[in-house]
Amino acid sequence: MMASSSAASTGSPGGSIPHLDFDPFSIEFFADPFPTHAKLREAGPLVYLDKWGVYGVARYEQVHAVLNDPETFCSSRGVGLSDFAKEKPWRPPSIILEADPPAHTRTRAVLNQVLSASAMRPLRAHFTALAEAKVDELLARGSFDAIPDLAEAYPLSVFPDALGLKQEGRENLLPYASLVFNAFGPPNELRKEAIERSAPHQAYVAAQCQRENLAPGGLGACVHAQADAGAITHDEAPLLVRSLLSAGIDTTVNGIGAAVYSLARFPDQLAKLRADPSLARNAFEEAVRFESPVQTFFRTTTREVEIGGHAVGEGEKVLMFLGAANRDPRRWENPDSYDITRRTSGHVGYGSGIHMCVGQLVARLEGEVMMAALARKVASIEITGEVQRRYNNTLRGLESLPVTIRPA
Ligand code: 8QM
């Protein structure tokens with residue numbers, strides 16, 4: 001990465017804004033983002049990324065501040081690079097993610113209810129049983145690929161059923177999610193190829209959002225029931241179900257993948273978890289901080305604003321490096337160590353403020369029960385082959401993690 005010193009002066013009190021010319025959506029960066037994250041944080045509280053003509057924040061303080069000022073840093077112009085005020089979105093915008101108050105307040109309230117703590121209670125026993133069954137099955141095999149066979153297989157075994165999806169067509173779920181997260185990025189190969197191939201995945205998702213395709217009693221049906229209750233209109237319900245299909249699977253796949261990869265790399269932490277399985281929930285949370293499966297999001301400025309002592313105009317895109325904030329040494333002690341006993345609260349892996357992950361209780365439930373099953377049943381996780389990374393404009397995770405596990 002190179003930082004040019006020919007930054008244009010803004011005349012703001014902090015001096016000139018550092019201009020950086022690296023591509024935060026390149027394969028080289030995705031392969032090892034951490035040295036560049038450090039340079040981004042050290043360059044200053046605000047940088048300008050020449051490659052895409054956007055501002056960037058990588059320090060915890062500024063990322064947190066941007067996330068918690070939704071009036072100034074709006075979502076309704078898109079949370080990817082594309083500015084919906086200037087470009088047509090690739091799909092009808094999400095009515096929760098890509099919305100601002102007051103519109104957001106109403107849709108958020110609905111998903112808050114559908115995904116509330118009381119909605120989790122009836123799911124817990126089944127999610128636990130399937131996590132235990134998955135670990136038993138994998139122990140019987142001994143050697144397997146922890147990405148398809150665990151990180152993907154487990155969420156796919158619980159979440160689509162919880163939603164009430166029919167069996168047919170579920171192979172579209174991961175490709176659709178991968179598309180959604182690639183589409184937040186710039187018009188690079190990852191985004192263009194994903195959109196080119198997207199028609200069948202979009203058609204599948206659109207159909208599954210309809211009430212007649214959602215099993216009674218499931219989370220999808222609950223969203224439609226909220227329309228009966230008058231909280232949203234009947235045409236909004238399918239779009240909110242679409243949000244669950246967009247954000248509900250690949251995120252937990254990469255969260256669980258991060259947790260298993262972390263336990264495999266840091267056997268002392270697996271030992272701690274085995275000694276005290278009540279650490280399961282925090283072990284998952286720490287993996288979300290440590291790997292930050294959702295690496296970045298944008299906001300768009302609604303007015304002139306100061307960030308880190310620099311003036312930023314209206315209508316500018318600001319890229320938030322959640323993964324860099326989650327390892328900012330200004331905020332975290334030993335940020336680069338995976339420590340399952342750390343106080344993880346305040347990490348921005350689920351965002352912060354009014355848009356903070358509405359599905360976080362589902363994610364934590366899946367993560368916790370899988371970590372608890374591993375804690376109770378598995379003595380060791382050994383990486384036995386080449387670890388391959390999966391590249392996506394927003395998601396950080398692996399394509400392949402060959403492991404051998406031994407029973408406790
Ligand atoms: C990312 O479609 C949506 O509403 C939606 C899509 C992606 C996300 C969230 C919501 C943050 C997990």
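Residues numbered from 1 in each chain as written. Predicted model: local features only at pLDDT ≥ 70, side-chain atom pairs only at ≥ 80, totals over all residues. Heavy atoms only, no water.

### Observations concerning the pairing of strand S7 (residues 296–301)
At step 1: In terms of burial, S7 is a largely internal element, six of the six residues being buried.
At step 2: Judged by which residues are buried, S7 turns out to be covered on both faces: Thr296, Phe298 and Thr300 on one side and Phe297, Arg299 and Thr301 on the other are all buried.
At step 3: Examined bridge by bridge, S7 and strand S10 (residues 317–321) share five bridges and lie antiparallel to one another. Within S10, the position partnered with Thr296 by the bridge is Phe321. (Buried < 20%, exposed > 50% of the residue type's maximum accessible area, 1.4 Å probe, protein only. Helix = DSSP H or I, 4+ residues; strand = E, 2+ residues; numbered from the N terminus. Pairing = 2+ DSSP bridges.)

### Looking at the nonpolar core
At step 1: Core analysis: the biggest nonpolar cluster contains 107 residues, and Phe127, Val223, Leu273 and Met371 have the highest contact counts within it.
At step 2: Element by element, the count of residues in this core is highest for helix H16 (residues 360–377), at 10 residues.
At step 3: With near-sequence residues (within four places) excluded, Phe127 lies in contact with Tyr154, Val158, Ala162, Val362, Leu365, Glu366 and Val369.
At step 4: Phe22, Phe25, Phe30 and Val54 belong to the second largest nonpolar core, which has 15 residues in total. (Core = buried A, V, L, I, M, F, W, Y, C linked by side-chain atoms within 4.5 Å. Contact = heavy atoms within 4.5 Å.)

### Thoughts on the pairing of strand S12 (residues 388–391)
At step 1: In this structure, S12 lies alongside strand S13 (residues 396–400), joined through four bridges in antiparallel fashion. Bridge pairing in S13 links Tyr391 to Arg396.

### Looking at the packing of helix H7 (residues 173–183) against helix H9 (residues 199–208)
At step 1: With their axes 9 Å apart at the nearest point, H7 and H9 run at an angle of 105 degrees to one another. Regarding the angle of H7 to H9, the classification is roughly perpendicular. Of the residues in H9, those touching H7 at Leu173, Pro175, Tyr176 and Leu179 are His201, Gln202, Tyr204 and Val205.
At step 2: The class makeup of the residues in the contact of H7 with H9 is six nonpolar, two polar and no charged. (Axes fitted to C-alpha atoms, helices over the stretch in contact; angles between N-to-C directions. Parallel < 35°, antiparallel > 145°, perpendicular 65-115°, else oblique. Nonpolar A, V, L, I, M, F, W, Y, C, P; charged D, E, K, R; others polar.)

### Concerning the sheet that holds strand S11 (residues 378–383)
Two strands in a sheet stick together by hydrogen bonds in their backbones, pointing the same way (parallel) or opposite ways (antiparallel).
At step 1: Taken together, three strands build an open sheet; the order of strands is S6-S14-S11 and the sheet is antiparallel. Each end of this open sheet is capped by a strand with a single partner; those strands are strand S6 (143–145) and S11. On average, adjacent strands in this sheet sit at an angle of 30 degrees to one another, irrespective of strand direction.
At step 2: Relative to the sheet, helix H5 (residues 117–141) contacts S6, S11 and strand S14 (402–407), its axis offset from that of S14 by approximately 100 degrees.

### Some remarks on the pattern of salt bridges
At step 1: For the structure on display, the rule yields 22 salt bridges.
At step 2: The residue Glu152 makes a salt bridge to Arg390 at a minimum N-O spacing of 2.8 Å. Of this pair, Glu152 sits in helix H6 (residues 147–163) while Arg390 sits in strand S12, and the two are 238 residues apart along the sequence.
At step 3: Residue Glu286 is joined to Arg289 by a salt bridge in which the shortest nitrogen-to-oxygen separation is 2.8 Å. Here Glu286 pairs with Arg289, and both are found in helix H14 (residues 280–291), just three residues apart, close to one helical turn. Arg289 shares its class with Glu286; the two are buried.
At step 4: Via salt bridges that share partners, Arg77, Asp83, Lys86 and Glu314 belong to a single interconnected network. (Salt bridge = Lys/Arg side-chain N within 4 Å of Asp/Glu carboxyl O.)

### Topic: the packing of aromatic side chains
At step 1: The final tally for this structure, using the stated rule, is 12 aromatic pairs.
At step 2: For the pair Phe29 and Phe321, a centre-to-centre distance of 6.4 Å together with 85 degrees between the ring planes defines the contact as edge-to-face. Linking Phe29 in helix H1 (residues 27–31) with Phe321 in strand S10, this pair joins segments that are 292 residues apart in sequence.
At step 3: Ring geometry for Phe181 versus Phe184: centroids 5.9 Å apart, planes at 75 degrees, classification edge-to-face.
At step 4: On the basis of relative accessible area, Phe184 is assigned to the buried category, the value being 8%.
At step 5: Members of the aromatic cluster, connected to one another through ring pairs, are Phe22, Phe29, Phe30 and Phe321.
At step 6: The aromatic ring of Phe290 is capped on one face by Arg327, whose charged end is 4.0 Å from the ring centroid. (Phe/Tyr/Trp six-rings, centres within 6.5 Å; stacked < 30°, edge-to-face > 60°. Lys NZ or Arg CZ within 6 Å of the ring centre and 35° of its normal.)

### Side note on the side chain of Arg342
At step 1: Note that Arg342 resides in the loop between helix H15 (322–325) and H16.
At step 2: For Arg342, the side chain forms a polar contact with the main-chain oxygen of Glu333, separated by 2.8 Å.
At step 3: The residues contacting Arg342, other than those within four sequence positions of it, are Asn282, Glu286, Arg289, Trp332, Glu333, Asn334, Pro335 and Ser337. (Polar contact = N/O pair within 3.5 Å; in protein donor to acceptor, adjacent residues only side chain to side chain.)

### Brief notes about empty space enclosed by the protein
At step 1: Per the stated rule, a full pass over the model turns up four cavities of 30 Å³ or more.
At step 2: Considered as a void within the structure, the largest cavity measures approximately 790 Å³ in volume.
At step 3: If you trace the largest cavity, you find 39 residues lining it, with Ala247, Thr251, Cys357, Val358 and Gly359 closest to the centre.
At step 4: Residue assignment for the lining of the largest cavity shows that the elements contributing at least two residues are helix H4 (103–114), H7, helix H11 (236–247), helix H12 (250–265), H14, S7 and H16.
At step 5: Examining the composition of the lining of the largest cavity, we find that four residues originate from one element, H11, more than from any other.
At step 6: Partitioning the lining of the largest cavity into residue classes produces 24 nonpolar, 12 polar and three charged.
At step 7: Put simply, the second largest cavity is a space of about 120 Å³. (1 Å grid on protein atoms, 1.4 Å probe; cavity = no way out; pocket = protein on both sides within 12 Å on 5 of 7 lines; lining within 4 Å. Points joined across faces, edges and corners; volume = space filled by probe spheres on them.)

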